[in-house]
Amino acid sequence: MEINLINPAQVSATFDHSPTLGGWYFDVFYLLAFTFLTCWLLFEGKKRAYPWVSWLLILTASRLAFIVGTKLITFNLSDWLYLLQNLAFPPAQGKVILGGLILGLLTFIGLVRLFRLDWGSLDTLAIVVPLSIAIQRMGCLLAGCCFGTPTEMPWGVTYSAGNLPHYHHFMQGWVESGPSLSIHPFPIYEALNGLTVALLVWLFRSKLRSKGNLLLLSLGLWAIIRGGIEAFRDPASHAFGGEIFWGIKLMQWLLVGFGILFLGVLVLRELALKKKINQRPIQEPSTILIASVLLSTVILTWIGRSWLSPTELLVMNLLLFPCMGVCGYYLFQKHTQAQMRWALLCLTFIPVFLMSQTWKEVSANDSIAPQSYDFVKIGYGGGNFYNYGKYLTSGLPDGCSSNLRYQNFEYSYWNTGLGVGRVKQKKDNWLTYGANLGYGKFTESMVDSTIVNSFQSFNVQPYVLWESEWFATGVGMHFGKFHWSDVSTKNEQTSPYFTSITNKAGIYPSAYARIGKERILFVDYQFSNVFPSPFPGLRSQFGIGSGFGLPRGNYLKFGVNNLGEFLEIKASPNEKIQFNGMYSWRTNQLPGMMEQTKNSQFLLSIQYQFNHRGRD
């Protein structure tokens, strides 16, 4: 950011950065706001001695409701019809905080009643919510998504070409080259609104008698003040509520209406307050309630994983995973006797452990013991999948408002591979090194178009892999000409008329990591490490598997990758032959398509091992 003199009477701050960098600013402050909110509410829950399980479940489910609410309020009639007809979310066009507050607050209140907490729990939100809004609005200021109307005031700001304010000013014919017009820094006004409301609530914290009224005061003041400063926000920056009715924006009518409603309820509750209040004791939640709320939150988060932005998923999972851990620990303690807990925990692994004992441990002198050897392998893979590209005509893809154009693509491909290498065993460690050679073709077809792109790929991948019983790690590098376009990629194009969203490279790294015994239970992660080739779409893969007690080179694994869920089987019937097969599948809903698309891929390989020697 730099300060420029726009005219002799005006000093304006110019935000001179790309929309991509602006989106990064938005995400950073979005994450900071939720982090601050979480820390504050966790402290409040501890101070008020709320049960941790109840409090975490309320916060987690309410957070999901808030995130979803910011998007649902932007839906028009066609979006709702699309959702009902296809049971899939259409792409969201921005965020509106009012929708998040409404759905999040309704969820919070409902869960407070279900978990039998007192109304005072609502007051924990009274100060932290406006403060969190103030933090997040700094991201909007840097991103330029919630911009104000033109102004000649000395505190006005301008934005460089490519940002949302400049785009709208350019479309109106107000500017050509150079920065946008000087506009009101609306996000700063809203941040000041949040700080002011938080201060007023703090000053009145001991004046109100009825529990829950601090939150009503906070929301009422925030909504009315926000309704007033909405006059300085450009209607074009609204994802919802920018329409004018009787000279006033719809958003202003809603905000002032909600503000009057909240303050009216506050007055009625204060007047109707009885002298004696019978407060219900806080009770521990039931197992059914915990399981129902937790399972519902997990399922809804999983269903919306492709609809939510990466930052929204990160914000959600930062609270969801600790909540799952706390709930699991609580239920384990609640339903087990203290003397038997370790025994019960061990029983969880007994089936796998017993299966592992059905195969005799091999010795170093046994003829079938894992030894040093050379190998050669061949493989084939293929399949089809769908992906889409988007062009951001204005705004931010994950910001408060955006205009997007989508184009869907269908892919089909096949790959062949040849690999050679050597395995050296030293005690209980194995060192594998070698190289894979891959060749393949794939086509990229624009849906509802005759445009078809064809690509040929070839690559050489030298690699090294170190394995022990409990751990494994490996690295490698792909050299050649290869392409990829997997469905987890957020393809943002620089031109509105794009005919391909395929990426290409000549050098690409690969890596592998495993924790746990392959014979019993393990988890692993592969980055660009699939044979015969990880391209065009199997660049990242996480799995959990077990060898069920069989020797090294035998396991069954399930997991997720770029193209969906997968099932993988590796089998070694003897010391010379090893088979490997994988099948991946997923059903997706692409923007603008009425029918769901199906992705399916498979990989097959066979490895021949020879020149067996004793341990090095």
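Above this text you will find the structure in question.
Along each chain, the written sequence defines residue order, and numbers are assigned to residues from 1. Given that this is a predicted model, residues contribute local features only at a pLDDT of at least 70 and side-chain atom pairs are listed and counted only at 80 or more, while totals for whole chains, interfaces and linings are drawn from all residues. Only hydrogens and water are set aside when side-chain values are computed; all heavy atoms of the structure are taken into account.

*Asks:* For this particular structure, what's the right way to read the environment of P165?
*Replies:* Here P165 shows up in helix α6 (residues 164-171). The exposure class of P165 is buried, given its relative accessible area of 0%. Put simply, P165 and D234 are 69 residues apart on the chain and 9.1 Å apart in space, counted from C-alpha to C-alpha. Helical segments are the DSSP runs of H or I of at least four residues, strand segments are the runs of E of at least two, and each set is numbered from the N terminus. For every residue, the accessible area (1.4 Å probe, protein chains only) is compared with the maximum for its type, and the residue is labelled buried under 20%, exposed over 50%, or partly exposed between those bounds.

*Asks:* Would you take a moment to explain the packing of helix α7 (residues 186-203) against helix α8 (residues 213-229) for this structure?
*Replies:* Packed helix pairs are characterised by how far apart their axes lie and by the angle those axes make with each other. Angles run from 0 to 180 degrees between N-to-C directions of axes, and those axes are lines fitted to C-alpha atoms, restricted for helices to the stretch in contact. The N-to-C vectors of α7 and α8 enclose an angle of 150°; their axes lie 9 Å apart at closest approach. As judged from the angle between their axes, α7 and α8 are roughly antiparallel. Considering only the axes of α7 and α8, their crossing is right-handed. Contact residues: F186, Y189, E190, N193, V197, L200 and V201 in α7; L214, L217, S218, L221, W222, I225, R226 and I229 in α8. Every angle not falling under 35 degrees, over 145, or within 65 to 115 is termed oblique; those three ranges are roughly parallel, roughly antiparallel and roughly perpendicular. If you view the pair so one helix is near and one far, a crossing is left-handed when the near helix is turned anticlockwise from the far one by less than a right angle, and right-handed when it is turned clockwise. Any two residues having at least one pair of non-hydrogen atoms within 4.5 Å are treated as being in contact.

*Asks:* Got a minute to help me understand the packing of helix α2 (residues 52-72) against helix α11 (residues 310-334) in this structure?
*Replies:* For the pair α2 and α11, interaxial distance at closest approach is 9 Å and the crossing angle is 155°. Classed by the angle they form, the pair α2 and α11 counts as roughly antiparallel. You can see that α2 and α11 cross each other, and the crossing is left-handed. Counted together, W52, V53, L56, L57, L59, T60, R63, L64, I67 and K71 of α2 and E312, V315, M316, L319, L320, C323, V326, C327 and Y330 of α11 form the full contact between these two elements.

*Asks:* Help me out: how do you make sense of the packing of aromatic side chains in this one?
*Replies:* Aromatic ring pairs are reported here in terms of the distance separating the ring centres and the angle at which the planes meet. In this analysis, rings of Phe, Tyr and Trp, with Trp reduced to its six-membered ring, are considered paired at centre separations within 6.5 Å, and the interplanar angle assigns stacked below 30 degrees, edge-to-face beyond 60, and tilted for intermediate values. On inspection of all chains with the given rule, the structure shows 26 aromatic pairs. One aromatic cluster in this structure is built from F385, Y411, Y413, F442 and F455. Across from the ring centre of W307, 5.3 Å away, lies the NZ or CZ of K71, which sits over that ring. Look at NZ for Lys and CZ for Arg. If either is within 6 Å of the ring centre and within 35 degrees of the ring normal, a charge sits over the ring. One cation-aromatic arrangement involves R205 over W202; the distance from NZ or CZ to the ring centre is 4.2 Å.

*Asks:* What am I meant to see in the side chain of S210 here?
*Replies:* Assignment of secondary structure puts S210 in the loop between α7 and α8. A residue is classified by how much of its surface remains accessible, and S210, at 9% relative accessible area, is buried. With sequence-adjacent residues up to four places away left out, S210 is seen in contact with R269, E270 and L273.

*Asks:* What's the story with empty space enclosed by the protein in this structure? I'm lost.
*Replies:* Any space left empty among the atoms is revealed by the rolling of a water-sized probe across them. Buried and open spaces are told apart on a 1 Å grid over the protein atoms alone, a cavity being a set of points where a 1.4 Å probe fits but cannot get out and a pocket being an open set with protein on both sides within 12 Å along at least five of seven lines. Residues with an atom within 4 Å of a point are the lining residues. Grid points are joined across faces, edges and corners, and a volume is the space filled by probe spheres set on the points. Summed over all chains, the structure comprises four cavities of 30 Å³ or more. Approximately 680 Å³ is the volume attributed to the largest cavity. Forming the walls of the largest cavity are 40 residues, and the residues nearest its centre are F34, L37, F66, I97 and L101. Among the elements of the structure, α1 (19-47), α2, α4 (97-114), α5 (125-143), α8 and α9 (250-271) are those that each provide at least two residues to the lining of the largest cavity.

*Asks:* Can you walk me through the pattern of salt bridges in this structure?
*Replies:* For side chains of opposite charge, pairing can occur when their charged atoms come near one another. Salt bridges, as used here, are contacts in which a Lys or Arg side-chain nitrogen is within 4 Å of a carboxyl oxygen on Asp or Glu. With the rule as written, the count across this model stands at 16 salt bridges. Taking the shortest distance from any N to any O, the salt bridge between E469 and K517 comes out at 3.3 Å. Taken together, the residues E469 in the loop between β9 (452-467) and β10 (471-484) and K517 in strand β12 (residues 503-517) connect sequence positions 48 residues apart. Judged by relative accessible area, which is 33%, E469 ranks as partly exposed. Residue E568 pairs with K557 through a salt bridge whose shortest N-O separation is 3.3 Å. Here E568 is found in strand β16 (residues 564-571), whereas its partner K557 is found in strand β15 (residues 555-561), with 11 residues between them in sequence.

The values reported here are purely geometric and, on their own, carry no functional implication.
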